[in-house]
Amino acid sequence: MGNSNQVWWSQVNHTKPRKASGIVFVVVAAASRGASFGICNLYRTHLYCVSRQVTTKLLGFDWENCGKPDAAAVMRTLMVSPDPISIPGEVTAAASGTTSVELAAPLGVNVTLEKEVAGFWVKVPCLEEMGSCHYSDACDVLDQLIPPGQDCPEPLHTYGLPCRCPFKPGSYSLPESDFFLPHMDLPSWLTNGHYRLHGVLGSEEEELGCLKVALSVSSD
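Here is a short report on the structure shown in this document. Please read all numbers here as calculations on a predicted model, not as lab measurements.

Right, let's talk about the environment of Phe167 for a bit. Along the chain, Phe167 turns up in the loop between helix H1 (138–145) and strand E12 (170–181). The spatial distance from the C-alpha of Phe167 to the C-alpha of Cys139 is 9.8 Å, given a sequence separation of 28 residues. Apart from residues lying up to four places away in sequence, Phe167 is in contact with Val101, Glu102, Leu103, Leu142, Pro162 and Tyr172.

Encoded structure:
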């Protein structure tokens, strides 16, 4: 049911015929990384459904450094627009950062994600590698997303910015650039609400950098 306006049906097992043309259902189909929903009508022995792609909006994006004064890796600037950001949709972003050490494998990342519930911040557990998770090697994650030997995606390739480890010491800057964000099947627990994320680069013994992000998520 992931495609917009996809029609599907399934047979309904019962022992007696039904005059079921007027019964309407809202069906939620949870996928491994998200959910889509559709309006379904029960007619005789079959259930006919039309799915609808969910549009997600990100609102009130904010960020700050939370690293130590002598942190090796620091995000200097980060800008995203518009507000809200629609998914799918266009987004404009610019960023700059520095690292005083080489960032190489294994590069640990510890993420804590919290959701506001009834005025309290509640930690979201790690579910299917999303939420409050520890990633033992971010370099390996990057290699899975962009296999070695493959060019970095635009606009990183145009500006000569690396997209996989190792990241050499120095300054990195992405000028204001436009991106298209495709449809994403978000988990059901990540569809609506206020969130804050705390990400630590490195290990407990050697923290290299820290970043905090806050935003709200709204799904139609």
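That shown, we press on.
This part is about the nonpolar core. The biggest cluster of nonpolar side chains holds 12 residues, and these are Ala72, Ala73, Leu103, Leu107, Val109, Val111, Ala138, Cys139, Cys165, Phe167, Leu201 and Leu208. Of all elements in the fold, only strand E9 (109–117) and H1 reach the threshold of two or more residues within this core. Leu113, Leu190, Tyr195 and Val217 belong to the second-largest nonpolar core, a separate cluster that totals 6 residues.

Bringing the sheet that holds strand E8 (residues 89–99) into the picture now. The strand order E6-E8-E12 describes an open sheet built from 3 strands, whose pairing is antiparallel. Whereas interior strands pair on both sides, the edge strands pair on one side only; in this sheet they are strand E6 (73–81) and E12. On average, each strand axis in the sheet is tilted by 10 degrees relative to the strand beside it, whichever way the strands run.

This part takes up the state of the cysteines. Such a bond, covalent and formed between the sulfur atoms of two cysteines, is termed a disulfide. Following the criterion strictly, the structure yields 4 disulfides and no others. Two residues share a disulfide in this structure: Cys66 and Cys210, whose sulfurs sit 1.8 Å from each other. One quick way to see it: the torsion about the S-S bond of Cys66 and Cys210 is about -85 degrees, and its sign makes the bridge left-handed. Here Cys66, found in the loop between strand E5 (56–65) and E6, pairs with Cys210, found in strand E14 (residues 207–219); they are 144 residues apart in sequence, far enough to count as distant. Overall, Cys210 belongs to the buried group, its relative accessible area being 6%. The partner cysteine of Cys126 in its disulfide is Cys133, sulfur to sulfur 2.0 Å. Torsion about the S-S bond of the Cys126 and Cys133 cystine: about 100 degrees, corresponding to right-handed handedness. By relative accessible area, which is 40% here, Cys126 ends up partly exposed. For Cys133, a relative accessible area of 3% translates into the label buried.

Within a regular strand, the side chains alternate between the two sheet faces. Pairing of E5 with strand E7 (residues 85–87) involves 3 bridges; the strand directions are antiparallel. Directly across from Lys57, in E7, lies its bridge partner Ser86. Pairing between E5 and E14: 8 bridges, direction antiparallel. Paired with Leu59 across the bridge in E14 is Ser216.

Calculation notes
- Residues numbered from 1 in each chain as written.
- Predicted model: local features only at pLDDT ≥ 70, side-chain atom pairs only at ≥ 80, totals over all residues.
- Heavy atoms only, no water.
- Helix = DSSP H or I, 4+ residues; strand = E, 2+ residues; numbered from the N terminus.
- Contact = heavy atoms within 4.5 Å.
- Core = buried A, V, L, I, M, F, W, Y, C linked by side-chain atoms within 4.5 Å.
- Buried < 20%, exposed > 50% of the residue type's maximum accessible area, 1.4 Å probe, protein only.
- Pairing = 2+ DSSP bridges.
- Axes fitted to C-alpha atoms, helices over the stretch in contact; angles between N-to-C directions.
- Disulfide = S-S within 2.5 Å.

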